[in-house]
Every structure is written in structure tokens, then in C-alpha cells.
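Each chain, written out:
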Amino acid sequence: MSEKLYSKRAPEPVGPYPHARRVGDLIFVSGMGPRQAGSKEIPGVTQDAAGKVVSYDITTQTRSVIENIRMVLEDMGASLQDVVDVSVFLTNMKQDFQTFNKVYGEYFASIGPTRTTVEVLSLPTPIAVELKVIAHKPLKS
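The paragraphs below set out a description of the structure included in this document. (Residues numbered from 1 in each chain as written. Predicted model: local features only at pLDDT ≥ 70, side-chain atom pairs only at ≥ 80, totals over all residues. Heavy atoms only, no water.)

1. Focus: the overall build of the protein chain
Right, so step 1: Assigned secondary structure in the protein chain consists of two helices and eight strands.
Right, so step 2: From first element to last, N terminus to C terminus, the protein chain shows the α and β order β-β-β-β-β-α-β-α-β-β.
Right, so step 3: The C-alpha atoms of the protein chain give a radius of gyration of 15 Å, which matches the 14 Å a tight globule of 141 residues would have.
Right, so step 4: Counting only C-alpha atoms, the protein chain reaches 55 × 30 × 20 Å along its principal axes.
Right, so step 5: The proportion of buried residues among the 141 residues of the protein chain is 38%.
Right, so step 6: Within the protein chain, counting contacts between residues at least 6 apart in sequence, those at least 24 apart form 70% of the total. (Helix = DSSP H or I, 4+ residues; strand = E, 2+ residues; numbered from the N terminus. Rg over C-alpha atoms; globule rule 2.2 N^0.38 Å. Buried < 20%, exposed > 50% of the residue type's maximum accessible area, 1.4 Å probe, protein only. Contact = heavy atoms within 4.5 Å.)

Encoded structure:
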């Protein structure tokens, strides 16, 4: 059994893919950034008139990303407590890792999912962090 989810509460995907897909007891959440639903606004990002990022707040972006993931998981009948694996993409590991890690820990330290963190040159929108998660939530019999 496979089920796709397009959440009305999370920001629209930037490509032709769903927010999440359930396959059996696993929920795969697509890479999620900090954008706000129904808007092009990116919390924690300041851009100049040409759209170039002039500053950003990794704390604000990280919280926004995790809250977007929380909403998608809830729409799939799961929660952050069900997350078993996290892939993290940062555009500036040296500058942002410690701050990101602190905020991440507020949400996930007690849950203890496995995690991989990589630095990337850029992301599809002017953001500094993106997360992709896998959750385990057994289907009700």
C-alpha cells in the first residue's frame, strides 16, 4: 500500500513531488525548507531588491523547517516522535552547524533518530537549511 500526501498546511513543493509518501509503516517526507504555506516568504531571510540574500537567521529557518515537517507528519497521522532518520542539508556547515545542532536538539534529542548532515553549495530556493525525514508509524489494524 502506498499513499501520497499534499498538505494544505505546509509550503507547496518546489517540484513535481508530494510532501510525503507512506509505504506500509514508513512515512517518507520530501526535503522540506522553511518557507511559509501560501507564500513565497522565507522566515529568517532578508533579501535585497534583486532577490539576493543579504542575511539569514539559521535558528529561525531551522525552527520553521521542523514545524513544516511536524505539520506534514500530523497530516499523515504521525508526529515528530515517530521520526527515525533525518537527512540535513546546510549551505554553510562551518558557520551554521553549532547553532543548527542546538535547535535540532530541542526537538529531536529525546527522540534520537539517526542523522546525516551534509553541506551543499545551494538549495532550490534562497534557504540555508533543508531536512528530509523518515518516520515509522504502524498502520492501525
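Having seen the structure, we can now continue with the description.
2. Comments concerning the nonpolar core
Right, so step 1: Leu73, Leu80 and Leu131 are the most contacted members of the largest nonpolar core, which has 30 residues in total.
Right, so step 2: Residue assignment for this core shows that the elements contributing at least two residues are strand 3 (26–32), helix 1 (58–75), strand 6 (83–90), helix 2 (93–108) and strand 8 (129–136). (Core = buried A, V, L, I, M, F, W, Y, C linked by side-chain atoms within 4.5 Å.)

3. Considering helix 1
Right, so step 1: Along its 18 residues, helix 1 runs 26 Å from first to last C-alpha, staying within 8% of the 26 Å computed at 1.5 Å per residue.
Right, so step 2: Of all the residues in helix 1, the buried ones are Ile58, Gln61, Thr62, Ser64, Val65, Ile66, Asn68, Ile69, Met71, Val72 and Leu73.
Right, so step 3: For helix 1, the N-terminal capping position is held by aspartate 57, with its side-chain oxygen 2.9 Å away from the main-chain nitrogen of threonine 59. (Expected span 1.5 Å × (residues − 1). Polar contact = N/O pair within 3.5 Å; in protein donor to acceptor, adjacent residues only side chain to side chain.)

4. Some points on the pairing of strand 8
Right, so step 1: Where strand 3 meets strand 8, five bridges bridge the pair, whose relative direction is antiparallel. Across the sheet, the residue bridging to isoleucine 27 is alanine 135, located in strand 8.
Right, so step 2: Relative to strand 8, strand 6 runs antiparallel, the two being bridged by seven bridges. Paired with serine 87 across the bridge in strand 8 is lysine 132. (Pairing = 2+ DSSP bridges.)

5. Topic: the sheet that holds strand 6
Right, so step 1: Ordered by their spatial adjacency, six strands build an open sheet running 1-2-3-8-6-7, and the pairing between neighbours is mixed. Taken across any chain shown, the strands that pair with only one partner, and hence form the sheet edges, are strand 1 (2–5) and strand 7 (114–119). If you compare each strand with its neighbour and ignore which way they point, the axes differ by 10° on average. (Axes fitted to C-alpha atoms, helices over the stretch in contact; angles between N-to-C directions.)

6. Section: the pattern of salt bridges
Right, so step 1: The final tally for this structure, using the stated rule, is six salt bridges.
Right, so step 2: Arginine 9 is the partner of glutamate 74 in a salt bridge, and the nearest nitrogen-oxygen pair spans 3.0 Å. Separated by 65 residues along the polypeptide, glutamate 74 in helix 1 and arginine 9 in the loop between strand 1 and strand 2 (20–23) bring together distant segments of the chain.
Right, so step 3: You can call glutamate 74 partly exposed: its relative accessible area is 36%.
Right, so step 4: Within this structure, Arg9, Glu67, Arg70, Glu74 and Asp75 form a network of salt bridges that share partners. (Salt bridge = Lys/Arg side-chain N within 4 Å of Asp/Glu carboxyl O.)

7. Quick word on the packing of aromatic side chains
Right, so step 1: Scanning all chains against the criterion turns up two aromatic pairs.
Right, so step 2: Ring centres of phenylalanine 100 and tyrosine 104 lie 5.7 Å apart, and the angle between their planes is 35°; this geometry places the pair in the tilted category. Of this pair, phenylalanine 100 and tyrosine 104 both sit in helix 2, four residues apart, roughly one helical turn. The pair phenylalanine 100 / tyrosine 104 is uniform in exposure class, with both members buried.
Right, so step 3: Members of the aromatic cluster, connected to one another through ring pairs, are Phe100, Tyr104 and Phe108.
Right, so step 4: Between arginine 115 and the ring centre of tyrosine 104, over which it is positioned, the NZ or CZ distance is 4.4 Å. (Phe/Tyr/Trp six-rings, centres within 6.5 Å; stacked < 30°, edge-to-face > 60°. Lys NZ or Arg CZ within 6 Å of the ring centre and 35° of its normal.)

8. Let's talk about the pairing of strand 3
Right, so step 1: Both strand 2 and strand 3 contribute to a ladder of four bridges, which runs antiparallel. Note that in strand 3 the partner of valine 23 across the bridge is leucine 26.
Right, so step 2: In sequence, strand 2 turns back onto strand 3 through a hairpin of two residues, with glycine 24 there showing a positive phi of about 65°.

This is a description of form; function is not addressed.
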